[in-house]
Each structure stands twice: as structure tokens, then as C-alpha cells.
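Each chain, letter by letter, is given below.
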Amino acid sequence: MQVSQAEQTPDASLLKVLGNWDALALGFGAMIGFGWVVLTGGWIASAGTMGAVLAMITGGAIMGVVGLTYAELTAAMPKAGGEHNFLLRGMGPRWSFIGSWAITGGYITIVAFEAVALPRTAQYLFPNLSQIPLWEVAGYQVHLTWALVGAVAAVVITGINILGVKLAGVAQTFVVVFLLVIGLMLVFGSFVGGSATNMEPFFTGGLNGYFAVLVVVPFLFVGFDVIPQSAEEVDIPARQIGRLVVVAVILATIWYVMTVLTTSSAMPAGEIAQADIATADAMGALFGSDVMAKILIAGGIAGILTSWNSLLLGASRLMFSMARSGMLPAWFAKLHPKYRTPVNALLFIGVLSFVAPFFGVSMLGWLVDSGAPSIVIAYILVSVVFVILRRREPGMDRPLRVGGQGNGGIMIGVAAVVLCLGLLSLYMPGMPAALTPPPWILFGLWWVLGAVLLFRIPAGIAPGEDAEHDLLERLRQRREATRNS
């Protein structure tokens, strides 16, 4: 494994060009992807209107507690890579790799998900999109024209990110504003054309229905942690960066609750259960217009693009940071000579998203389920390191200190660990939301590759401020010993 020289080269630094709104748009936009368009009908069918709302509020509360730990740590260590830096400081290189690899896997699965979701959504607008059959995957016929919609979008979004983080931030802001306009239209339509009677039954499915909705929370809320990934490129005070993490979680919770309430008010539960894309059909019903349904689909496409853009940015910064520390090959640490973006990391993830649509719609569910456990593992480790650093380094500079000066912060950290362990248990065999074999296979393949890389990292390096320096030095010594032997 080669050690990157990124830290030692004066021009190998990321540009500090993002402002308050840019960072918030990245975090919020990452969370509001495509799930709210295609999954809302299933949530209402599984748990009822208020059951789904309760699950969303519960999920938002869990992510809010986790977000508090991220907020403090991000303000204390505003460097690209987020979890990577937190875990290096508190638990050492190998644990840092595990947490970074976990969240990177989660990000990449969602980027690939959006590449498949885009043609799936476009077909709602263009029913004859699927032409030139290629092959079948899990019973779904993949067509060339359908797959190319996602593949071409992968090229465009990857290209935008290579051309500079500011351009990616501007594109994100524009699309998030459009998304918010669609949300306001849904709320207005619900007040004008909705009915509280349609929301019944308020609860259905019991605990199984509630957990079936709760289990998608990591997938729906992943993205607030993109703000820490981009912290090195944000030109605002460290304390404010931390606060934006929590604000993004609150806004996403409001969005998902709004989506459930407005959709359920539009049509009886039986019609929602039979709808192909329930939220779009609900929009059409609220305004009595098929055109409005298509406008909401445009909002769904906006959500796909915001999530895709944010998580591509986040995953590339994580891979850049791991390579800069010597955990990944130095190839991933290369910055574009003009735009100062991690070009090779972006290209690597871009290729994966280019290929994903050629596996068809079946990949949608598999990608959601396979990435979620990895995301929760990362959240658990960040919550643990939050507690460790509170105890080991009480005097560490913390521009934003959650829970006050006493033990309040430690209680928040412990609560985050317990809540995330509870979320992780929902995926296990025998639980109401246990994963099927295909997602476990994808999950396993990612972690087999991770294990190969993990054991190339030297053991015995102590955590702390100098952990990255010590790791790079140990790797340099190993290379010299190899050359001399």
C-alpha cells in the first residue's frame, strides 16, 4: 500500500469555498433522495398514517441524538473525512478504517441506488422509455435505453463534482430549492383537496408494521454526515458547521412526516396500497390533474439528484481522507490539478454508479438493504468514540459542546450507542425487518474487500492527535524495510 503525500504537498489541499447554505443544502439534500416518492405508500400500508408518522418521528429522534455527537466532533475536527478523523483521534487507525469503510459502503450503495432510481422514475414520465432488451436480472428485463438514462446521469453528476465543489454546491442549492417548492405544493394541495377521513386507519400492522417503517430510517436519513465530510471545504466557523448537522436532521424529519400526512390525505388507504408511485398519484388526486402528478415526479428526480450529488461528494472525500492517511492506495488521494477535487475517488464511484442501472430494478431493494447495516455500524462507532473522547480528553477544544459541561454529553453519547444498536438488531434474522440473502451477499462482499485492506494497516498505533502521522511513518518504515530486504 502506497502512502499518499497529499498532506506534505502545499497545493494538495481542498478549496474552502462552501458557505452556510451550501453545507445545509448538501446535508438536507442528501437525506431527501427518492425514498419519499416510491416508499411512502408502503409505509402507510404497513403501519397506517399515524403509525408511519410515529416511526418517522422516532427515526428522526434517533438520528437527532446521533447527529448531536457528530455536531460536537465535527466542530472539534473540521477536516475532510468526518468519521475517519473522529475515530483516528479516539480509537486508532484500524477502528478508523472500519468506521470509514462502513459509511463509504453506505454512501456508495445509495449513489448506485439513485442511478437505478432515475430511469425508474423517468419511465413514469415516458412510458415507452424501455427499448432494446438486453438481459433479465431477478426476473426484471433490462433495456438499453432505460439503463442509459442512469448511466449518462452518472457521467454528468460525476463530471460536475470533478469540476469543483463550488459548482456541485450551486447545483445542489438550485435543486433543493425546487424540491422545497414541490413540498409546499403538496402541503397546499392537502389543505385544499385532502381529507382527514382518507387518513384512516391511523394505525395498522401493530409493532411489525411500525418496525417495517423504522428499519428504513438509516437509508432515509443518511446524509447529515455529508456535512462533516465536506467540513474542510466549508468557509464558516467550526461551531456553525456542527449546528448545521442537527438542523439538517430536523428538516428531514419534518419533510418525511409532511410526505406521509399529505399522501394519506389524498386517497383512501386501499387506493394508496395499489398505486404504482403513491406520492405522485396523491399529488394528482389532490389537484385533480395528471400534470401535477408529473410535476411531483420531477420533484422525485430532484430528490434523486440532490442525494446522488451529496453522497458522491461525501464518499469521495472519505476515500480521499483514507488514502491521505495511507489506508487506501495513494491513487485515491490524487486531486485534480486545476479544480482541487479528489478526481480518482470520484471516477471510481462514478464508474460503479454508471454500471448499476444495467442490473435493473431488482437492485433498488438490494442496495437499500445492503447499505443500511454498514451505515448503522458507522453511527455506533462515532457514538462510542464521542464517549471515549469525552472521558479521555475532557480538555479537548470543543467549539460546540453538546449536553453542557457535566455528564449530559456522555449520556447523549451512550443513548446514541444504545439506539443505534437497537436499529442494527432489526436487520438480524428472526426480526420483523430481517434482510433477505441478496442484500447480505452484497454486504458480505463489501466487508470481505474491507478485511483485505484492514489487515494491511499496522497494528499497535495509539489513537490521538498524532495517530495519522504515526501511521504514515510506520507505513514509510515498512516500505523501506521491504526495499532493503
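See above for the structure.
Our subject in this report is the structure included herewith. The structure displayed is predicted, hence computed values, not measured ones. (Residues numbered from 1 in each chain as written. Predicted model: local features only at pLDDT ≥ 70, side-chain atom pairs only at ≥ 80, totals over all residues. Heavy atoms only, no water.)

1. Remarks on the overall build of the protein chain
The line we're drawing: Secondary structure counts use DSSP, requiring at least four H or I residues in a row for a helix and at least two E residues in a row for a strand, with both numbered from the N terminus. Think of it in three bands: with a 1.4 Å probe and only protein chains considered, a residue is buried below 20% of the maximum accessible area for its type, exposed above 50%, and partly exposed in between. Residue contacts follow a heavy-atom distance rule, with two residues in contact if any of their heavy atoms lie within 4.5 Å. Accessible surface area values rest on a Shrake-Rupley calculation with a 1.4 Å probe, where residue burial reflects the displayed protein chains alone.
Each helix and strand in the protein chain was counted, giving 20 helices and two strands. The buried share among the 485 residues of the protein chain stands at 58%. Put simply, of all contacts in the protein chain between residues at least 6 apart along the chain, 82% involve residues at least 24 apart. By element, 68% of the accessible surface of the protein chain is carried by carbon and sulfur atoms, the whole surface being about 17,900 Å².

2. Here's the deal with the pattern of salt bridges
Put simply, the rule reads: Any Lys or Arg side-chain nitrogen located within 4 Å of an Asp or Glu carboxyl oxygen qualifies as a salt bridge.
Counted under the stated rule, the structure contains five salt bridges. Across the salt bridge formed by Glu 393 and Arg 89, the nearest N and O atoms sit 2.8 Å from each other. With a gap of 304 residues between them, Glu 393 in the loop between helix H17 (362-392) and helix H18 (408-425) and Arg 89 in helix H5 (residues 83-91) connect regions that are remote in the sequence. You can call Glu 393 buried: its relative accessible area is 18%. The class of Arg 89 is buried, set by a relative accessible area of 13%. Each of Glu 72, Arg 390 and Arg 398 takes part in one network of salt bridges that share partners.

3. Description of unusual backbone geometry
With omega at -5°, the peptide bond leading from Glu 200 into Pro 201 counts as cis. By the secondary structure assignment, Pro 201 is in the loop between helix H8 (165-193) and helix H9 (206-214).

This is a description of form; function is not addressed.
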